Amino acid sequence: MEENTGIVAESEAVEKKRRKAKAERPAGDGGPQLSRGEKIRRALRSQSGWLFVTPALILMAVFTFYPIIAAFVNSFKQGYSGMTGKFNGWGIDNFVRVLKGDTGTGGANFVQCLVNTLLLTFISVPVSTILALLISVALNSIKRVQKAYQTILFLPYLTNALAMGAVFATFFKIIGTASNTETVGIVNIVLGWFGVKPIDWVGLTSPHWKIGSLSIPWAKYIVTIVYEIWSGLPFKILILFSAMQSINKQYYDAAKVDGASRWTVLWKITAPMIMPQISYLLVTGIMGGMKQYSAVVGLFGATMGQDYDMGTMVGYLYNYIELGQTGYAFAGSLMLFVIIMIITFINNKLTKKRTTYK
Amino acid sequence: MTNLLAVNSVGEGWFVAVMVILILAGIVGIFVLSVRVDRLRRGTVSASAIGQWDLSAGDEGFDAEKAKKREKAKHIVKNVLVYIFLTVCAVLAFMPFYWMLMSSVKTEEEFRMSVPTFFPHTFQWKNYWMIFHQVTSTSGTNATFGQILINTLVVGLLSTFLGLVLIVVTAYALARMNFKGKNILFAIMLATMMIPGELFTVSNYITVAKAHMNNSYTVLILPFLVSVYYIYLLRNNFMQIPDSLYQAAKVDGLSDLGYLLKVMLPLTAPTLVSITLLRFIGTWNSYIWPRLVNIPSWQMITNWVTGGFVDRVQPDGFSLYGATGGYGSTPLDTLKMAAVCMVSLPLLILFIFCRKYIMRGISKSGTKG
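Residues numbered from 1 in each chain as written. Chains lettered and ligands numbered in written order. Predicted model: local features only at pLDDT ≥ 70, side-chain atom pairs only at ≥ 80, totals over all residues. Heavy atoms only, no water.

## Focus: the overall build of chain A
Here is step 1: The number of helices and strands found in chain A is 15 helices and four strands.
Here is step 2: Looking at the 358 residues of chain A, the share that counts as buried comes to 47%.
Here is step 3: A sequence separation of at least 24 residues applies to 63% of the contacts in chain A between residues at least 6 apart.
Here is step 4: Approximately 17900 Å² of chain A is accessible, and the part contributed by carbon and sulfur atoms is 65%. (Helix = DSSP H or I, 4+ residues; strand = E, 2+ residues; numbered from the N terminus. Buried < 20%, exposed > 50% of the residue type's maximum accessible area, 1.4 Å probe, protein only. Contact = heavy atoms within 4.5 Å. Areas by Shrake-Rupley, 256 points an atom, 1.4 Å probe, with all protein chains shown as cover.)

Here it is as structure tokens:
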């Protein structure tokens, strides 16, 4: 978001210049003697731009503007059914029930989904960013076969989250017995070399911790985080690597003259120079993480684990849409919106501080 | 049983041997390379060398020579470590693709062996033949691969083409025309980008259901035709075209439409290509919306791949694992991997050939499709 506003401000400056140029242009057209009909025709023609934006506006009115209003209004309707439009009274009943997990439908639990989403996001985003940083530094420091490494590391860039999730699930899956042979999955075999007992990573007996009514299925967390790091790395490497490549070589030459070590160069030159990119990656990563859904479905199926124990906030909405409980879905979507707004707000504050510090 | 065990040990042998050879070859290759790089660099110390430092000033005297040698050894060790790190990362990055490809042609028995084989012993290409004839059956509707592929292509092409027309027209108006309230309108459009798309889904679901649009292509295309981000991208591109070009075109007697088609569109072609590709990829990867609003026979390819694939008696009486009476009961992972390949490979090929355009689009938006 922060980046967008930057570009908007820039384009506004261009606009202003353009307007000024227009004002300075001699008013040759639009002479003084015009009939009334001609005047109206000209006025209409000058507004013909509206004609061009109308199709987009109509579609946006139906599928963008109306849903925003509807989400705010309908989430306060108690027992709201989207299809019939019936509801019994206004109030915050939906929110209370969603937060309490008292929806009476056997669907996902909001607090569980919220905890899952937050934990997964705030573990996987920093880890993958640090890993991307390490890989980019390594990639930047080699001269030979750099292109080949680059190509292979970028390959997971464009993948179908659900399809590759299924592949990752096979790595961790204990398939059971076939022809009298126990199958424990590749990851368990590799861990077995280090003396780790087989763990049911994605199955029904997957280990978890209980905290009150919450369950923390840590094994499934690890699977999800590994998958998210794998699928998120290429984009991060791409951004960081191209940022490193565009650093002015003179800084490095100066450091060399001063006899700086590799490590000093990394922390005193490279890291500060790519700080904007790192913060951009953290922000987009957290934003994307809050909206994660398809990775979990790819790994654990449409039911998001067992009793929705791997549910995410977006998964919560879809779950309640499918259950026909639109009131709860609206309330959930509004809370997701508020959480994302809070993160945006915090991010804006932090970035402002950083820029003034510079 | 004994037969299987024998195969097992062979499989393990393969796995270990290939890994060991790969690692050894990697280390030797890296060592040779780094020595060669070093020798090259000794002659000319290039100013652009970033990672490698040659601290010695010159070779005067025996001690300096020795120190230089020690420095060089250190440098080689460091380089080898860097290459090993990168090789491990590259292998891990590539591993899922390899495993997906290999699993898709294995037999289910081989796939489920306690020690998996690194390379298939028997190539069962019939897996692919099988998934093409797989029928996902829910509430009396059938979704075959052919049907699903047609759905995806029709929706992808239509939504890409119509969306592109809409984006170009809107971006043109916002960039080149002047009308009252233009800036406010544009600001409002941009503001909607801040709101997560999931907020719209609930209402849109109700809207299309009330309009009886379920189970159609329209419902998959219409809600996503307008993309504010692409309009914004193209508008900025349009605004970079200098006004003098417009005046020149006017002098040459080109109409506004002619100017748009013959000057503006060719000049912004890279952006248009990026938008086209990303829209198509977005359609290819769409999952939740089709699942919500359409029955399986109207869904898209990603929905198809999430279904369970089982052994089945084919029309000609053939079945892979002796299923009788229609369907086998257990989902087969090898068939699923074949389906995953069918979905992933087009994307991979597209990425290899159109890397520049796709990366351009994504690195600007930070999102895929």
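## A short note on the domain arrangement of chain B
By convention, interface size is frequently given as the accessible area that disappears when the constituent parts associate.
Residues and elements named next belong to chain B.
Here is step 1: Assigned domains within chain B: domain 1 (2-42 + 49-124) and domain 2 (132-365).
Here is step 2: Between domain 1 and domain 2, the residue contacts involve 12 residues of the former and 13 residues of the latter.
Here is step 3: The contact between domain 1 and domain 2 buries some 1000 Å² in all, and 72% of this surface belongs to carbon and sulfur atoms.
Here is step 4: Looking only at domain 1, the three residues that lose the most surface to domain 2 are Met-100, Ser-104 and Glu-108, adding up to 48% of its buried area. (Domains from an automatic or database assignment. Buried area = accessible area lost by both parts, 1.4 Å probe.)

## As for the side chain of Thr-152 of chain B
All names here are of chain B.
Here is step 1: Here Thr-152 lies in helix α5 (residues 145-176).
Here is step 2: Using a relative accessible area of 1% as the deciding quantity, one classes Thr-152 as buried.
Here is step 3: Of note is the side chain of Thr-152, whose polar atom sits 3.2 Å from the backbone nitrogen of Ile-301.
Here is step 4: With residues near it in sequence (within four places) discarded, Thr-152 still touches Thr-283, Trp-284, Met-300 and Ile-301. (Polar contact = N/O pair within 3.5 Å; in protein donor to acceptor, adjacent residues only side chain to side chain.)

## Observations concerning the pattern of salt bridges
Here is step 1: All told, the structure shown has eight salt bridges over all chains when counted by the stated rule.
Here is step 2: When the shortest N-O distance is used, the salt bridge between Asp-309 of chain A and Lys-220 of chain A registers 3.1 Å. Taken together, the residues span a long stretch of sequence, with Asp-309 of chain A in the loop between α13 (294-300) and α14 (313-322) and Lys-220 of chain A in helix α9 (residues 218-245) at a distance of 89 residues. With respect to class, Asp-309 of chain A is no different from Lys-220 of chain A; both count as buried.
Here is step 3: A salt bridge links Arg-291 of chain B to Glu-322 of chain A, with the nearest nitrogen and oxygen atoms 2.6 Å apart. Of this pair, Arg-291 of chain B sits in helix α13 (residues 288-293) while Glu-322 of chain A sits in helix α14, which puts the two residues in different chains.
Here is step 4: Among the residues examined, Arg-291 of chain B registers a relative accessible area of 17% and is labelled buried. (Salt bridge = Lys/Arg side-chain N within 4 Å of Asp/Glu carboxyl O.)

## Quick word on the confidence of the model for chain A
Here is step 1: Looking at chain A as a whole, its pLDDT mean stands at 82, while 87% of the residues score no less than 70.
Here is step 2: Long-range and interchain partners of residues 1-8 of chain A, a stretch whose pLDDT sits below 50, account for 15 contacts in this model, where long-range means more than four residues apart. (pLDDT = per-residue confidence, 0-100.)

## Remarks on the packing of α5 of chain B against helix α12 (residues 269-285) of chain B
Residues and elements named next belong to chain B.
Here is step 1: Where α5 contacts α12, the two axes come as close as 9 Å, and the packing angle between them is 145°. For the element pair α5 and α12, the recorded crossing hand is right-handed. Counting all contacts with α5, which are made through Leu-149, Thr-152, Leu-153, Val-155, Gly-156, Leu-157, Ser-159, Thr-160, Gly-163, Leu-164, Ile-167 and Val-168, the residues of α12 involved are Leu-272, Ile-275, Thr-276, Arg-279, Phe-280, Thr-283 and Trp-284.
Here is step 2: Looking at side-chain class alone, the contact of α5 with α12 contains 11 nonpolar, seven polar and one charged residues. (Axes fitted to C-alpha atoms, helices over the stretch in contact; angles between N-to-C directions. Left-handed = near helix turned anticlockwise from the far one by under 90°. Nonpolar A, V, L, I, M, F, W, Y, C, P; charged D, E, K, R; others polar.)

## Here's the deal with the environment of Pro-296 of chain B
Residue and element names in this part refer to chain B.
Here is step 1: With respect to the helices and strands, the residue Pro-296 is situated in the loop between α13 and α14 (301-306).
Here is step 2: Classification of Pro-296 as buried rests on a relative accessible area of 13%.
Here is step 3: In this structure the C-alpha to C-alpha distance between Pro-296 and Gln-147, which are 149 residues apart in sequence, comes to 9.7 Å.

## What about unusual backbone geometry?
Residue and element names in this part refer to chain A.
Here is step 1: Notably, Met-304 is not glycine yet its phi reads approximately 55°, a positive angle.
Here is step 2: Structurally, the position occupied by Met-304 is in the loop between α13 and α14.
Here is step 3: Backbone geometry at Asp-307 places phi at a positive 55°, although glycine is not the residue there.
Here is step 4: Structurally, Asp-307 is set in the loop between α13 and α14.
Here is step 5: On the accessibility criterion, Asp-307 (71% relative accessible area) is exposed.

## Here we look at the environment of Pro-331 of chain B
All names here are of chain B.
Here is step 1: One can find Pro-331 in strand β4 (residues 327-331).
Here is step 2: A sequence separation of 22 residues divides Pro-331 from Phe-309, and the C-alpha atoms of the two residues are 5.3 Å apart.
Here is step 3: Apart from the residues lying within four places of it in its own chain, the contact partners of Pro-331 are Arg-112, Phe-309 and Val-310.

## Considering the interface of chain B and chain A
Here is step 1: In this complex, chain B contributes 115 residues to the contact, which on the side of chain A involves 109 residues.
Here is step 2: Of the roughly 10300 Å² buried between chain B and chain A, counting both surfaces, carbon and sulfur atoms make up 71%.
Here is step 3: Put simply, chain B and chain A have 10 residue pairs in polar contact (both at pLDDT 80 or more) between them.
Here is step 4: Element by element, the count of residues in the side of chain B that touches chain A is highest for helix α2 (residues 61-104) of chain B, at 18 residues.

## Some words on a nonpolar patch on the surface
Residue and element names in this part refer to chain A.
Here is step 1: Together, Ile-69, Phe-72, Val-73, Phe-76, Phe-87, Trp-90, Ile-92 and Val-96 line one region of the surface with nonpolar side chains, adding up to about 730 Å² of accessible area.
Here is step 2: For the nonpolar patch, the leading source of residues is helix α3 (residues 49-74), giving three residues.
Here is step 3: Tracing the backbone through its elements, the reader meets Trp-90 in the loop between α3 and α4 (93-100).
Here is step 4: Residue classification places Trp-90 among the exposed positions, given a relative accessible area of 54%. (Patch = residues over 30% accessible without salt bridge, like charges linked within 9 Å, V, L, I, M, F, W, Y side chains within 5 Å.)

## A few points about the packing of α5 of chain B against helix α9 (residues 228-239) of chain B
Between two packed helices, what matters for the description is the angle formed by their axes and the separation of those axes.
Residue and element names in this part refer to chain B.
Here is step 1: Look at α5 against α9: their axes get within 8 Å of each other, and the N-to-C directions meet at 50°. What the angle tells us is that α5 and α9 run oblique. The two elements α5 and α9 cross, and the hand of that crossing is right-handed. Seen from α5, the contacting residues are Ile-167, Val-168, Thr-170, Ala-171, Tyr-172, Leu-174 and Ala-175; seen from α9, they are Tyr-230, Ile-231, Leu-234, Arg-235, Phe-238 and Met-239.
Here is step 2: By residue class, the composition of the contact of α5 with α9 is 11 nonpolar, one polar and one charged. (Parallel < 35°, antiparallel > 145°, perpendicular 65-115°, else oblique.)

## Describing the packing of aromatic side chains
Here is step 1: Using the criterion set out here, one finds 33 aromatic pairs over all chains in the structure.
Here is step 2: Geometrically, the ring pair formed by Phe-52 of chain A and Tyr-172 of chain B is tilted, given 6.0 Å between the ring centres and 40° between the ring planes. Taken as a pair, Phe-52 of chain A in helix α3 and Tyr-172 of chain B in helix α5 lie in two separate chains rather than in one.
Here is step 3: Overall, Phe-52 of chain A belongs to the partly exposed group, its relative accessible area being 29%.
Here is step 4: Measuring from centroid to centroid gives 5.2 Å for Phe-168 of chain A and Trp-230 of chain A, while their planes differ by 55°, and the two rings are tilted. Placement of Phe-168 of chain A in helix α7 (residues 161-172) and of Trp-230 of chain A in helix α9 is noted, with a sequence separation of 62 residues between them. (Phe/Tyr/Trp six-rings, centres within 6.5 Å; stacked < 30°, edge-to-face > 60°.)

## Structural notes on the nonpolar core
Here is step 1: With 194 residues, the main nonpolar core has Leu-86, Phe-238 and Trp-304 of chain B as its most contacted residues.
Here is step 2: The element that contributes the greatest number of residues to this core is α9 of chain A, accounting for 16 residues.
Here is step 3: Two domains each provide a minimum of three residues to this core, namely domain 1 (2-42 + 49-124) and domain 2 (132-365) of chain B.
Here is step 4: Once you skip the residues sitting within four places of it in the chain, Leu-86 of chain B turns out to touch Ile-135, Ala-138, Leu-139, Ile-142, Tyr-149 and Leu-153 of chain A. (Core = buried A, V, L, I, M, F, W, Y, C linked by side-chain atoms within 4.5 Å.)

## Considerations on the confidence of the model for chain B
Residue and element names in this part refer to chain B.
Here is step 1: Counting all residues, the mean pLDDT for chain B is 79, and 75% of those residues have values of 70 or more.
Here is step 2: Note that pLDDT drops below 50 for residues 43-60; the model gives that stretch 26 contacts with residues more than four away or on any other chain.
Here is step 3: Scored as a complex, the prediction yields pTM 0.81 and ipTM 0.81.

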